[in-house]
Amino acid sequence: MMWLTPWTGFILAACTVPLLLLLYFLKLRRSTQVVSSTLLWLSSTEDLRANAPFQRLRRNILLLLQLLALLMLILAVMQPRIEGAGGGGGRTILLIDRSASMQVRDVDGDTRFEAALEAASAEIDRLHAGGLFGGGNEETMIISFSETAEIVQPFTGSRQQLQDALAGISLSHGRSRIEDALNLARVYSTNPNPELVDRPIAEAASLVLFSDGRIQDLEGLVLRGESLVFQRVGSGDVDNISVAHVAAERPYDRPAFVEVFAGLANWNPSVVVADVQLSIDGIARRVEEVELPAATRDPVAGGLVPGRRNLTFTPFQQDRDAVIEVALLREDALAVDDAASMVVPPPRQLRVGLVTPNRRLVRRIMAGLSLQRLDVMTPEAYEAVTDAGQVGDWDVLVFDAVAPRTMPSIPSVFLGRTPPTDQVRAYGEAEGQVILGGSGDHPVLRYVDVDPIYVDRARQVQGSENAEVVLQGSSGPLMLTFVHEGREHVFTTFDPIADSNWPYQRGLGVFLFNTVEYLGHHGDALTRTQLSPGAALVAHLPADATDLVLTTPSGEVFDLSQQDPARVSWGPVELSGLHELRYTRSGTGEEFNWYESVRLPQVESDAAAAQEVVLGMQRIESTDAGAVRYRPLWPWAIGMCLVILLIEWWIYNRKIGSW
Amino acid sequence: MSRFGTSTEPTPTRIDQLLGGGLMSKLERLDIVSRKIFSGKIHGERRSRRRGTSVDFADYRPYSPGDDLRFVDWNIYARLDALFLKLFLEEEDLSLGIAIDTSASMDWGNPNKLTYCRRLAMALGYIGLVNHNRVSLHGFDGRGVDSLRTLRGKRRTREMGSWLLDLEAADGDAGGGFAEAMKTLALSRRGRGVLILLSDFMEPSGIEEGLRFLGGRGDEVICLQVLAPEEVDPAANGLSGDLRLRDVEGHGDVEITVTPALLRAYRQRLDEHCGRLRNNCARRGMRHLAVHTSTDLETVLVESMRQRGLVR
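Since this is a predicted model, take the numbers as computed values, not measurements.

Enquirer: Can you walk me through the overall build of chain B in this structure?
Expert: Scanning chain B from N- to C-terminus turns up 10 helices and 10 strands. Of all 312 residues assigned to chain B, the portion counted as buried reaches 40%. Restricting to contacts in chain B with at least 6 residues of sequence separation, those with at least 24 account for 79%.

Enquirer: Can you walk me through the sheet that holds strand β8 (residues 242–247) of chain B in this structure?
Expert: Across the sheet, which stays open at both edges, the 3 strands sit in the order β2(A)-β8(B)-β9(B) with mixed pairing between neighbours. On the outer flanks of this sheet lie β2 (31–35) of chain A together with β9 (253–257) of chain B, each paired with one strand and no other. Averaged over all pairs of adjacent strands, the angle between strand axes in this sheet comes to 30 degrees, irrespective of strand direction. Taken together, the 5 bridges between β2(A) and β8(B) define a ladder with parallel strand orientation. Along β8(B), the bridge assignment pairs V35(A) with D247(B).

Enquirer: Sorry if this is basic, but what is going on with the interface of chain B and chain A here?
Expert: Quoted interface sizes are often the accessible area lost when the parts come together. Contact with chain B, which involves 33 residues of that partner, is made by 22 residues of chain A. At the level of elements, β8, β9 and α9 (260–283) of chain B are the ones that each hand at least two residues to the side of chain B that touches chain A. For the side of chain B that touches chain A, the per-class residue count stands at 16 nonpolar, 9 polar and 8 charged.

Enquirer: How do you make sense of helix α1 (residues 6–25) of chain A when you look at a structure like this?
Expert: Structural remark: α-helix, 3.6 residues per turn; residues separated by three or four positions point the same way. Taking 1.5 Å per residue as the helical rise, α1(A) with its 20 residues ought to reach 28 Å, and the 28 Å between its terminal C-alpha atoms agrees with that figure. Within α1(A), the axis deviates most sharply at A13(A), by approximately 25 degrees.

Enquirer: I keep staring at the nonpolar core and nothing clicks. Help me out?
Expert: Considering soluble globular proteins, one finds that nonpolar side chains tend to be buried as a cluster. Residue and element names in this part refer to chain B. Grouped together as the largest cluster of nonpolar side chains are 75 residues, with contacts concentrated most on A121 and L198. The biggest single contributor to this core is helix α4 (residues 113–130), with 11 residues. Excluding anything up to four places from it in sequence, A121 contacts I98, I100, L137, L164 and L198.

Enquirer: In this structure, what is going on with unusual backbone geometry? I would like to understand it.
Expert: In terms of backbone geometry, most residues other than glycine have negative phi values and most peptide bonds are trans. Here G571(A) and P572(A) are connected by a cis peptide whose omega angle stands at -5 degrees. In this structure, the amide linkage connecting N110(B) to the following residue, P111(B), adopts the cis form with an omega of 0 degrees. Structurally, P111(B) can be placed in the loop between β3 (95–101) and α4. Positive phi values are uncommon outside glycine, yet D281(A) reaches one of about 50 degrees. Along the chain, D281(A) falls in the loop between β11 (272–280) and β12 (283–292). According to the C-beta neighbour criterion, D281(A) is exposed, with 12 such atoms within 10 Å.

Enquirer: Which parts of the structure should I look at to understand the environment of E590(A)?
Expert: Take E590(A): it is sitting in the loop between β32 (577–585) and β33 (591–598). Excluding its chain neighbours within four sequence positions, the residues that come into contact with E590(A) are T584(A) and R585(A).

Enquirer: I'm lost on the pairing of strand β23 (residues 424–438) of chain A in this one. Help?
Expert: Residues in a regular strand project their side chains so that they alternate between the two faces of the sheet. Residue and element names in this part refer to chain A. When β23 meets strand β24 (residues 454–463), the two strands line up antiparallel, connected through 9 bridges. Bridged to V424 within β24 is G463. Looking at chain direction, β23 and strand β25 (residues 468–473) are connected through 3 bridges and run antiparallel. By the bridge assignment for β25, I435 is matched with G473.

Enquirer: Could you clarify how one ought to interpret the packing of helix α5 (residues 112–127) of chain A against helix α6 (residues 159–167) of chain A in this entry?
Expert: To characterise two packed helices, one gives the angle between the axes of the helices and the distance between these axes. Residues and elements named next belong to chain A. Their axes nearest at 10 Å, the elements α5 and α6 cross at an angle of 175 degrees. Considered as vectors, α5 and α6 are oriented roughly antiparallel to each other. In contact with L117, A120, S121, I124 and D125 of α5, α6 contributes R159, L162, Q163 and L166. Residues of the contact of α5 with α6, tallied by class, amount to 5 nonpolar, 2 polar and 2 charged.

Enquirer: Can you help me understand the sheet that holds β11(A) in this one?
Expert: Pairing between the strands of a sheet comes from backbone hydrogen bonds, and it takes one of two forms, parallel or antiparallel. Residue and element names in this part refer to chain A. Spatially, 4 strands are ordered β12-β11-β17-β18 in an open sheet, and the strand pairing comes out antiparallel. Each edge of the open sheet is held by one strand with a lone partner, namely β12 and β18 (339–344). The mean inter-strand angle of the sheet, taken between neighbouring strand axes irrespective of direction, is 15 degrees. Of the pairings in the sheet, the one linking strand β17 (residues 322–328) to β18 comprises 6 bridges and is antiparallel in character. Within the sheet, the bridge partner assigned to I324 lies in β18 and is M342.

Enquirer: Honestly, the confidence of the model for chain A in this entry has me stumped. Any pointers?
Expert: Predicted coordinates in areas of low pLDDT are best not read in detail. Residues and elements named next belong to chain A. Taken residue by residue, chain A gives an average pLDDT of 82. The fraction at 70 or more is 88%. Mean pLDDT across the elements of chain A bottoms out in helix α3 (residues 53–57) (51) and peaks in strand β22 (residues 412–415) (94). Contacts from residues 47–52, a stretch scored under 50 in pLDDT, to residues over four places away or in other chains number 8 contacts.

Enquirer: Would you mind going over the environment of L12(A) with me for this structure?
Expert: All names here are of chain A. Position of L12 relative to the elements: it lies in helix α1. Sequence-wise, L12 and L70 are 58 residues apart; in three dimensions their C-alpha atoms are separated by 9.6 Å. Excluding residues within four positions of it along the chain, L12 makes contact with I74 and V77.

Enquirer: Just to check I follow, could you spell out the confidence of the model for chain B for this structure?
Expert: Here chain B shows a mean pLDDT of 83. Residues at 70 or above account for 89%. Overall fold confidence for the complex sits at a pTM of 0.47, while the interface term, ipTM, reaches 0.82.

Cut-offs applied
Residues numbered from 1 in each chain as written. Chains lettered and ligands numbered in written order. Predicted model: local features only at pLDDT ≥ 70, side-chain atom pairs only at ≥ 80, totals over all residues. Helix = DSSP H or I, 4+ residues; strand = E, 2+ residues; numbered from the N terminus. Buried ≥ 20, exposed ≤ 12 C-beta atoms within 10 Å, placed from the backbone. Contact = placed C-beta atoms within 7 Å. Pairing = 2+ DSSP bridges. Axes fitted to C-alpha atoms, helices over the stretch in contact; angles between N-to-C directions. Nonpolar A, V, L, I, M, F, W, Y, C, P; charged D, E, K, R; others polar. Expected span 1.5 Å × (residues − 1). Bend = angle between axes of the 7 residues up to and from the residue. Core = buried A, V, L, I, M, F, W, Y, C linked by C-beta atoms within 7 Å. Parallel < 35°, antiparallel > 145°, perpendicular 65-115°, else oblique. pLDDT = per-residue confidence, 0-100.

Here you go:
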């Protein structure tokens, strides 16, 4: 037990206790009143029997009670408290923030995450201390959260289990989102067994949040009866600059060159000068010194607006694929956002297979495209290839007024013939259609004027829920895209050559170019948006890809060989950085690498620890994590004092006969 | 506001201040009622145990030699040829004693209890004098009994008034108790008659023994318990706060804090005290009447005492 203000209590006791005793020694000043007889008064009153001081003190229950009440009051003033007392037999849920900003190293040389784990460990020790104030039926649960929440340890009273579970929590590079964690906490606070009638349906739990307070989804959340203690880790003053984004592009006129763009952000209130390094495949190519403007405070929202600087590196020759990394060469509190990388595939021309009953127009258009190779074949020749079990090395197949017997595993264009798939179902024909509308922003119709098209005859089809109508005619869909076994295909329900006036317009050529480019390059890194932590990593590999091995930025290795190479998925990704998927093509025995770059969410770079968290209308002030928690006893002393005073009042009234 | 228990009216110094002319004329129509028949000393206006010469026929008895022939009923002698004497009731005077408690506790209250007793005694004595009773006045306290004996006739009114005006209360504790004074009073009484006792009966040592002395003499005793308003309802008459109550007769101090509960308890004790006195009186064939000094004297005599059959 500790006393916060013992001397105040001693001084108070020294002043008040003798004063109270003195008051009892003193006679009450009474005025004398002559009466005819005290005969009746004597028998009526029991008040103040003898005035001899020691006789009065002896057996004076009122004085004893008043002394006791005064003692309780003095105890309350001295503010006693118990260190490490348990939570009183309740349920406690520890919420551990493992988001990217918890990697900031600003707690005595440790990261915030390490400090949070240490504080949580101390809290577990405190809650399950055992002994007189240990709280025998204390139960604790641990939930870690980042992009998603995870129950690390369900409710248990075992301190060892809790400590083991705590040690198993790992960092994430995702954002800090607490809603899932609160929902999980509520679900587990609910009594699922209606037979336990002695327990309430929902037991409000005590939540202890170990975080830097940089939580993204606080708005709209409210506490529903739970009590929340926010143990802050980290400081509010953080030196941090970050690479906000990286982009790369191959100039149209020089496909062997790569141009890299980087966005830099300064989260400090002062201007920062830093060196930025561009690395290609891990080898530093350029270093540039940049001056980043100071961060400012948004006058309306109140948030921090980082000072931004965009940087464009001089194009460099890179005629093969490469991993590009932009890094800031300046040490700051949060290292994980100091570098960003991306994958640039090699410049690639497409290999296209055209299956046609020798129609010249389509062949001539396709021959006019800039392709690496165009293989023109009859339907019979194509079927012979597939019958032989070969897949072919084409990037795109074009079926001109023919349909294969089986659905190809290569992205394909079907002109006027229904593909053999359950994604589209033909049920008739419609004649004389005009265009009602099209998905103008779809890549296959870019720069294509569809309004003049008149379709004389088209198949009436119904697409599955995975099919997207790109062009809508007056009697039904005229063009659809659908995904079959992870590959995207384009299907025109009419024969553009025989059944429409499209051949007389230049739009047909543009359409074929767009479609081949779209299907051929779809999924390339340059066109792909970068993933964020929490999302799933998806790769479309060649059908003969085997021995799939994924390596994360932290060096962990996962074997994904069991998955279909047409659609390899893994997730959710936890860390930002480069994920490498290595595979072997069974046909050639060659090894290939597939890279996916995961971007750190920019909000995590704003890493200054918050003083409070606001849930609904409730502001929860932070307490420093790691500080020893005490249970104050002064409310008990005040309560005891009041009870004693009530008893004293009751006895006094009984003595003077008011009741 | 006057001090608690201190009289605001002046002490009477003249006889007419004790008994006004208007009240005197009303009192002349009243008489003291005696339930018992006592033997008197001389011929009077009240029926006696003896046979005498009044006009009220009582009985016959045979003639015996020496009897006064004037009382022989000659009509009977003519019819029966035997001599019988007619007997008549005798009317004699009544012995009326009025005893006033002059202890210190009586000289208290507003109106003062002793002053009130003086007036009451004056009125009762005047009734006795008017009706040709032998009136004796006694003042008693711890010091002893002071008496004024055998007054008869209206012309003795002034003498009675003077004695009452000279009556003084004892100062503090006078030593002897109520029982001692009653014993002295009982022994000093001559003949039997009506004794009216005026007192507050606030006696720490009890009143039973004193009443026993009085009851043993055969007098018809009427106990008039005189109480001041401050004794009946202390709070309404200004008793409040933390007080040390000092007994005027020096029977010790009591420290009190006036609370509703205490007042309720006091009222209960007072009722018990009055009830105890009433029971004692009833047990000994005495009559009891509580009189508050705030009550008008005429009301007491003409209404209260008449209703209770003490006067007619």
